[in-house]
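So you can see what is in the structure, the chains are spelled out below.
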Amino acid sequence: MDILKSCPTIARCVGSEVKPTNIVKVNNFSVGGNRVLIIAGPCSVRDEQSFFENIKQTQRAGADIMRGGAFKPRTNPASFQGLENGAIEIIRKAKKHFNMGYACEVTGETRFPVNQYTLPLSKELADEITSKKIDVLNAVTQVADLPWIGSRNGQSYDFIQSLAIKAITLDKPIMLKRGYWMTLGEYCMALEYVARLGCQVIACLRGVNTDTKYRFMPDISDIAEIKARTTVPVIVDPSHMAGNWQYVEELAKEAIFAGADGLIIETSLEREKELSDKDQAITPDDLFKIVEFTRETENSR
Ligand code: PEP
Ligand code: MN
């Protein structure tokens, strides 16, 4: 791909000019400089008590920004879909309590509260649910300091632009996760969709489709590719690459060596009780080891 032609806004080299990596502000943190941003917390918020206990220890382990999904994108429609607006309230409290920023996926512009209804929907219930549409875009962007587009929406261009425009109005950056089927060229053009609007954007590599011991093939080598060709900072998600807590630490370390500007990691105090992605959650103690390694390494890269 001719990066300059396809992605003029994010291209690193323009003629003889070599642009520096964009420094993106997330709360008080700068992403894209020396210091690696650590985002951590549960995959999804399941209740207030477990979320507070998790974030307390995750923050102590060195996390800069918390995560914990409110509206979840699930492959199986019968799986837990998130506490939705209930989670937003818990997060509001947690942000104050821990004085911490929050990063979260925005799954779409709207959602219907389908799980509060008996399925299949009759015409009457469909009429009723229509009036109960949840404004997910507003709900999440109000509370999230780093709203993000999830992997499954990697090429939902209209939605990507909706979030980017919303983020500009709120003076917030967004993160765009790579769709797990997307080539590097396709992914760079998706990043260009955001950057050309004037919205600050952070890339997130979270693995691509495969059939190995990992849940997704770790696209670690693309960290350097994106950084060489574009000015976009890169956050790496070793949790979704791994799919298993036992591989998270090694992938996180590889990402740091490869030049990642940040890590986003799923943590849990009681893995078995998590309602999404329980197999890949690490303990705050294991997160501490990763943070320690990161802080020792980041300045000498
Ligand atoms: C997540 O971060 O919990 C998530 C659903 O990630 P992805 O969009 O990369 O699958
Ligand atoms: Mn997850």
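Because the structure is a prediction, the values reported are computed rather than measured.

**A look at the overall build of the protein**
The secondary structure content of the protein amounts to 11 helices and 12 strands. Over its C-alpha atoms the protein spans a radius of gyration of 19 Å, differing by no more than 12% from the 19 Å that the globule rule assigns to 301 residues. Each principal axis of the C-alpha atoms in the protein carries an extent, and together these give about 65 × 40 × 40 Å. Burial analysis of the protein (301 residues in total) assigns 54% to the buried set. For the protein, the share of sequence-separated contacts (at least 6 apart) that also reach a separation of at least 24 residues comes to 74%. Surface exposure of the protein reaches about 13,100 Å², of which carbon and sulfur atoms provide 49%. Of the charged side chains in the protein, 37 are positive and 39 negative; the average position of the first set lies 2 Å away from that of the second.

**Quick notes on the packing of helix H5 (residues 136-143) against helix H6 (residues 157-170)**
At a minimum axis distance of 11 Å, the contact between H5 and H6 shows a crossing angle of 40 degrees. When the axis of H5 is compared with that of H6, the two are oblique. Note on packing geometry: the crossing formed by H5 with H6 is right-handed. Here Leu137, Asn138, Thr141 and Gln142 of H5 lie close against H6, whose contacting residues are Phe159, Ser162, Leu163, Lys166 and Leu170. For the contact of H5 with H6, the per-class residue count stands at 4 nonpolar, 4 polar and 1 charged.

**Looking at the sheet that holds strand E9 (residues 174-177)**
Strands sit in the order E5-E6-E7-E8-E9-E10-E11-E12 around a closed barrel of 8 strands; the barrel is parallel. Relative to strand E12 (residues 262-266), strand E5 (residues 37-41) is paired through 5 bridges, and the arrangement is parallel. Residue pairing for E12: Leu37 is matched across the bridge by Gly262. Across the sheet, helix H8 (residues 221-229) lies against strand E10 (201-205) and strand E11 (234-236), angled at about 170 degrees from E11, the strand it touches most.

**Examining the coordination of the manganese ion (ligand 2)**
Six octahedrally arranged donors around a metal ideally form angles of 90 or 180 degrees; four tetrahedrally arranged donors ideally form angles of 109.5 degrees. Taken together, the protein ligands of the manganese ion (ligand 2) are Cys43 (SG), His240 (NE2), Glu266 (OE) and Asp277 (OD), with distances of 2.0 to 2.4 Å. Mapped onto the sequence, the residues coordinating the manganese ion (ligand 2) show the spacing C-x196-H-x25-E-x10-D. With His240 in helix H9 (residues 238-242) and Glu266 in strand E12, the pair connects residues that are 26 residues apart, well separated along the chain. Like Glu266, His240 is buried.

**Here we look at the site of ligand 1**
Neighbouring residues of ligand 1: 13 residues in total, closest Lys72, Ser151, Arg152, Lys177 and Arg206. In the environment of ligand 1, an oxygen atom lies 2.9 Å from a nitrogen or oxygen atom belonging to the side chain of Arg67. At a separation of 2.6 Å, an oxygen atom of ligand 1 approaches a polar side-chain atom of Arg206. Contact with the protein chains hides 97% of the accessible area of ligand 1, taken as 290 Å² for the molecule alone. Each residue belonging to the shell around ligand 1 can be placed in one class, and the counts come to 3 nonpolar, 3 polar and 7 charged.

**Re H6**
The terminal C-alpha atoms of H6, which comprises 14 residues, lie 20 Å apart, in line with the 20 Å expected from a rise of 1.5 Å per residue. Turning to H6, its buried residues are Phe159, Ile160, Leu163, Ala164, Lys166 and Ala167. Summarising the axial view, the buried residues of H6 lie within an arc of 165 degrees, below the 170-degree limit, and thus occupy one face. For H6, the exposed residues set more than 90 degrees away from the buried face come down to Asp158 and Thr169. Among the structural elements, H5, strand E8 (146-149), E9 and helix H7 (184-195) are those in contact with the buried residues of H6. At the C-terminal side of H6, Asp171 shows a positive phi close to 60 degrees.

**Let's talk about the packing of H6 against H7**
At their nearest, the axes of H6 and H7 sit 9 Å apart, and the two run at 40 degrees to each other. The pairing of H6 with H7 is recorded here as oblique in orientation. Seen from above, H6 lies across H7 with right-handed handedness. Along the contact surface, H6 presents Tyr157, Ile160, Gln161 and Ala164, while H7 presents Ala190, Tyr193 and Val194.

**As for the side chain of Ser44**
In this structure, Ser44 sits in the loop between E5 and helix H2 (48-60). Discounting residues that sit within four places of it in the chain, Ser44 has contacts with Gly68, Gly69, Lys72, Phe80, Glu274 and Ser276.

**Overview of the packing of aromatic side chains**
Inspection of every chain in the model, using the stated rule, returns 6 aromatic pairs. With a centroid separation of 5.0 Å and an interplanar angle of 90 degrees, the aromatic rings of Tyr180 and Trp181 are classed as edge-to-face. Classification of Tyr180 as partly exposed rests on a relative accessible area of 23%. Summarising the aromatic geometry, the rings of Tyr214 and Tyr247 are spaced 5.3 Å apart at their centres and angled 75 degrees between planes, so their arrangement reads as edge-to-face. In this pair, Tyr214 sits in the loop between E10 and H8 while Tyr247 sits in helix H10 (residues 245-257), placing the two residues 33 residues apart along the sequence. Using a relative accessible area of 16% as the deciding quantity, one classes Tyr214 as buried.

Parameters at a glance
- Once a new chain begins, its residue numbering starts again from 1 and follows that chain's sequence as written.
- By the order in which they are written, chains take letters starting at A while ligands take numbers starting at 1.
- Only residues with pLDDT of 70 or above have their local features reported here, since the model is predicted, and side-chain atom pairs are shown and tallied only from 80 upward, although totals for entire chains, interfaces and linings are computed over all residues.
- The side-chain values count all of the structure's non-hydrogen atoms but skip hydrogen atoms and water molecules.
- Secondary structure is summarised from DSSP: a helix means a run of H or I of at least four residues, a strand means a run of E of at least two, and numbering begins at the N terminus for each.
- For the radius of gyration, the atoms used are the C-alpha atoms, and the globule rule reads 2.2 Å times the number of residues raised to 0.38.
- Partly exposed residues are those whose accessible area sits between 20% and 50% of the maximum for their type, while under 20% is buried and over 50% is exposed, using a 1.4 Å probe and protein chains only.
- Whether two residues are in contact is decided by their heavy atoms, any of which lying within 4.5 Å being enough.
- In these tables, accessible area is a Shrake-Rupley quantity obtained with a 1.4 Å probe, and a residue counts as shielded only by the protein chains included in the view.
- Counted as positive: Lys and Arg. Counted as negative: Asp and Glu, with His and the chain ends omitted from the count.
- Note that the charge is assigned to NZ on lysines, CZ on arginines, CG on aspartates and CD on glutamates.
- Orientation is described by axes fitted as lines to C-alpha atoms, over the contacting stretch for helices, and by angles from 0 to 180 degrees between their N-to-C directions.
- Roughly parallel means an angle under 35 degrees; roughly antiparallel means over 145; roughly perpendicular covers 65 to 115; every other angle is labelled oblique.
- Rotating anticlockwise by less than a right angle from the far helix to the near helix defines a left-handed crossing, while the corresponding clockwise rotation defines a right-handed one.
- Three classes are used, and their members are as follows: Ala, Val, Leu, Ile, Met, Phe, Trp, Tyr, Cys and Pro are nonpolar, Asp, Glu, Lys and Arg are charged, and the others, Gly among them, are polar.
- Pairing between strands is defined by DSSP: at least two bridges between the two strands are required.
- Metal sites are built from N, O and S donor atoms within 2.8 Å, or 3.2 Å for Na, K and Ca, and they leave out water, so they may look incomplete.
- One heavy atom within 4 Å of a molecule or strand makes the whole residue count as near it.
- Whenever a nitrogen or oxygen atom comes within 3.5 Å of another N or O atom, the pair is scored as a polar contact, on the condition that within protein one atom can donate a hydrogen and the other can accept it, and that pairs from neighbouring residues in sequence are kept only if both atoms are in side chains.
- A helix is expected to reach a length of 1.5 Å times the quantity of its residues less one.
- Think of the arc as the fan of directions from the helix axis to the C-beta atoms.
- Pairing of aromatic rings covers Phe, Tyr and Trp, the last counted by its six-membered ring, and requires centre-to-centre distances within 6.5 Å; plane angles under 30 degrees mean stacked, over 60 mean edge-to-face, and any other angle means tilted.

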